[in-house]
Amino acid sequence: MNLIYTSDLKPGQIFSEHVYTIGDNLLVPAFTQLRQKDIDLLLTWDIKTVNTEGSLIEADEEYTELEDAIDSAHIDSVQVPTPPPQKIDAIKFSISDVRQNSGPYRTYKNLIDKLDNAFTLFKSGDDLEMRTIDNICIQLLQDLREHPDSFVGFILGGEISSQELAKSSVNTAILSALTAQELRLPNHKIHNIVAGALLHDIGMLRLSRGITEKKGGLSEAELEQIKSHPIHTSRIVTKELYGPREVNLIALQHHERWDGQGYPDKLTGMAIDIGARIVSVADAFEAMVSKKSYRNSIIGYQAIKNLLADNARRFDPSVIITFTKIIGIYPINSIVRLNNGSVTRVINIHTSAPMRPVVQLLVDENGRFSDSRNPVIIDLLADKTLFIKEAVAKKEILDQYA
């Protein structure tokens, strides 16, 4: 195995064998030009070396951004065979697999229902007690221990189209809990982070619906009102719920930025509470993968790419790395096309090799639909001949095989 320093890599290089990063994580396949974005990914992850059983066979000095342009345009050199003349069952590509009747889905929906009920009562003028939020926290953490992958899949599915504030808050709390657990924070700290995530946008209930539900662009005055919601949330937590200081810090600081350009206090770096830094990342990811009144959702892979491209502007880089480690470059239930043209769904990830998850076959390389009663499972970490070529939106696949 040949060890190569990341600092020696250059765009356009081609190797005779696959090139891997840590944990047998495929960087580029054999006879494939190395791109600048591949090198940037290594730098983002602070990976110092890569390895290959092959050797450098070409270094194209005239390499341009053509490869990136092709990639961005989703031009695929792999030709997927025309599928048989039958209509694909859309349920195969339903991210949540319509598991509404399953235990995990009912558990997830129950959390949203409980928080939505609390928010509804609060908005109508009834008192909301911190104890109610604490009880939801306890239930969420217990349920999350039993169904972590399912919950992440439901977040990616985005198939609950109502209870927007409660759904967004529960989703953010789930993602925040997973991140805090990976960071090995104390249990009491994790509880407060979950509570802060559940409450981080409750101040929105003090704004007019004309602003919070507006589909068009916001005026300067309306934007300033939106930016006031952390202050409203902080007042609710401290003066009405008498919540802990850590929960208040999350309420107040979750829109602060690592570079000091956030609000309301323009805090910088480590001056921002760790809970707020975690909730900020989770909230941003949740917002990107959830359909809003003013835009469509984006696929989980693109959301992760957006976070990794932040470059320490908005988010704490260490939190981004931890978040990506647990969610994966291709989050659970992402639909991805492999290098042989087959279409699969991510069902599990390897934290040590986030680009080589475990996938379930949906459409094989010959365009044949898989039998869901006898699922074909492929571990891309074990099968080095296959790798993910691209992530695709569910609608794109349904349109292709309609």
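Note: the structure precedes this text.
As a starting point, this report considers the structure included with it. As the structure is a prediction and not an experimental result, all values here were calculated from the model. (Residues numbered from 1 in each chain as written. Predicted model: local features only at pLDDT ≥ 70, side-chain atom pairs only at ≥ 80, totals over all residues. Heavy atoms only, no water.)

**Focus: helix α13 (residues 300-308)**
Argument step 1. Along α13, the residues that are buried comprise Gly 300, Ala 303, Ile 304, Leu 307 and Leu 308. For α13, the angular spread of the buried residues around the axis is 135°, confining them to a single face. (Buried < 20%, exposed > 50% of the residue type's maximum accessible area, 1.4 Å probe, protein only. Helix = DSSP H or I, 4+ residues; strand = E, 2+ residues; numbered from the N terminus. Arc of directions from axis to C-beta.)

**Re the pairing of strand β8 (residues 343-350)**
Argument step 1. Sheet topology places strand β7 (residues 335-338) next to β8; three bridges connect them, and they run antiparallel. Following the sheet pairing, Val 336 is matched in β8 by Thr 344.
Argument step 2. Connecting β7 to the next strand, β8, in antiparallel fashion are four residues, including Gly 341 with a positive phi near 95°.
Argument step 3. Both β8 and strand β9 (residues 353-363) contribute to a ladder of six bridges, which runs antiparallel. Across the sheet, the residue bridging to His 350 is Ala 353, located in β9.
Argument step 4. Between β8 and β9, which pair antiparallel and follow one another directly, the connecting turn spans two residues. (Pairing = 2+ DSSP bridges.)

**Considering unusual backbone geometry**
For residues other than glycine, phi is negative in most cases, and the peptide bonds are mostly trans.
Argument step 1. The peptide bond linking Tyr 263 to Pro 264 adopts the cis configuration, its omega dihedral lying at 10°.
Argument step 2. With respect to the helices and strands, Pro 264 occurs in the loop between α11 (245-253) and α12 (274-289).
Argument step 3. Even without a glycine there, the phi angle at Ala 312 is positive, about 60°.
Argument step 4. Phi is positive for Asn 333, which is not a glycine, with a value near 80°.
Argument step 5. Its place among the elements puts Asn 333 in the loop between α14 (317-327) and β7.

**Description of the packing of aromatic side chains**
Argument step 1. The tally for this structure, following the rule as stated, stands at six aromatic pairs.
Argument step 2. The interplanar angle of 35° and the centroid separation of 5.3 Å between the aromatic rings of Tyr 108 and Phe 154 together place this pair among those described as tilted. Here Tyr 108, found in helix α3 (residues 103-123), pairs with Phe 154, found in helix α5 (residues 148-157); they are 46 residues apart in sequence, far enough to count as distant.
Argument step 3. Centre to centre, the rings of Tyr 301 and Tyr 330 are 4.7 Å apart; their planes meet at 5°, and the pair counts as stacked. With a gap of 29 residues between them, Tyr 301 in helix α13 and Tyr 330 in the loop between α14 and β7 connect regions that are remote in the sequence.
Argument step 4. Accessibility expressed as a relative area gives 7% for Tyr 330, which makes it buried. (Phe/Tyr/Trp six-rings, centres within 6.5 Å; stacked < 30°, edge-to-face > 60°.)

**Some remarks on the sheet that holds strand β11 (residues 388-392)**
Argument step 1. An order of β10-β9-β8-β7-β11 is seen for the five strands of this open sheet, with the pairing classed as antiparallel. Edge positions in the sheet fall to β10 (377-379) and β11, since each of these pairs with one other strand and no more. The mean angle between the axes of side-by-side strands here comes to 40°, regardless of whether they run parallel or antiparallel.
Argument step 2. As defined by bridge partners, β9 adjoins β10 across three bridges and the pair is classed as antiparallel. Each bridged residue has a counterpart across the sheet, and for Val 358 the counterpart in β10 is Asp 379. (Axes fitted to C-alpha atoms, helices over the stretch in contact; angles between N-to-C directions.)

**Considering the pattern of salt bridges**
Argument step 1. If you walk through the whole model with that rule in mind, you get 12 salt bridges.
Argument step 2. Among the ionic pairs, Asp 113 bridges to Lys 109, the shortest N-O distance being 2.8 Å. Placement of both Asp 113 and Lys 109 in helix α3 is noted, with a separation of four residues, approximately one turn of the helix.
Argument step 3. Here Asp 316 ties to Arg 277 by a salt bridge, and the two come within 2.7 Å at their closest N and O atoms. Residue Asp 316 is found in the loop between α13 and α14, and its partner Arg 277 is found in helix α12; the two are separated by 39 residues along the sequence.
Argument step 4. Among the residues examined, Arg 277 registers a relative accessible area of 9% and is labelled buried. (Salt bridge = Lys/Arg side-chain N within 4 Å of Asp/Glu carboxyl O.)

**Focus on the side chain of Asp 273**
Argument step 1. With respect to the helices and strands, Asp 273 occurs in the loop between α11 and α12.
Argument step 2. Using a relative accessible area of 13% as the deciding quantity, one classes Asp 273 as buried.
Argument step 3. Among all residues touching Asp 273, those that are not within four sequence positions of it are Lys 189, Glu 246, Leu 249, Ile 250 and Gln 253. (Contact = heavy atoms within 4.5 Å.)

**Overview of the packing of helix α6 (residues 164-182) against α14**
Argument step 1. Contact pair α6 / α14: the axes reach a minimum separation of 9 Å and the direction vectors enclose 105°. Here α14 runs roughly perpendicular to α6, going by the angle between their axes. Listed contacts from α14 to Leu 175, Leu 178, Thr 179 and Glu 182 of α6 are Val 319, Thr 322, Phe 323, Lys 325, Ile 326 and Ile 327.
Argument step 2. Among the residues making up the contact of α6 with α14, the classes are represented as six nonpolar, two polar and two charged. (Parallel < 35°, antiparallel > 145°, perpendicular 65-115°, else oblique. Nonpolar A, V, L, I, M, F, W, Y, C, P; charged D, E, K, R; others polar.)

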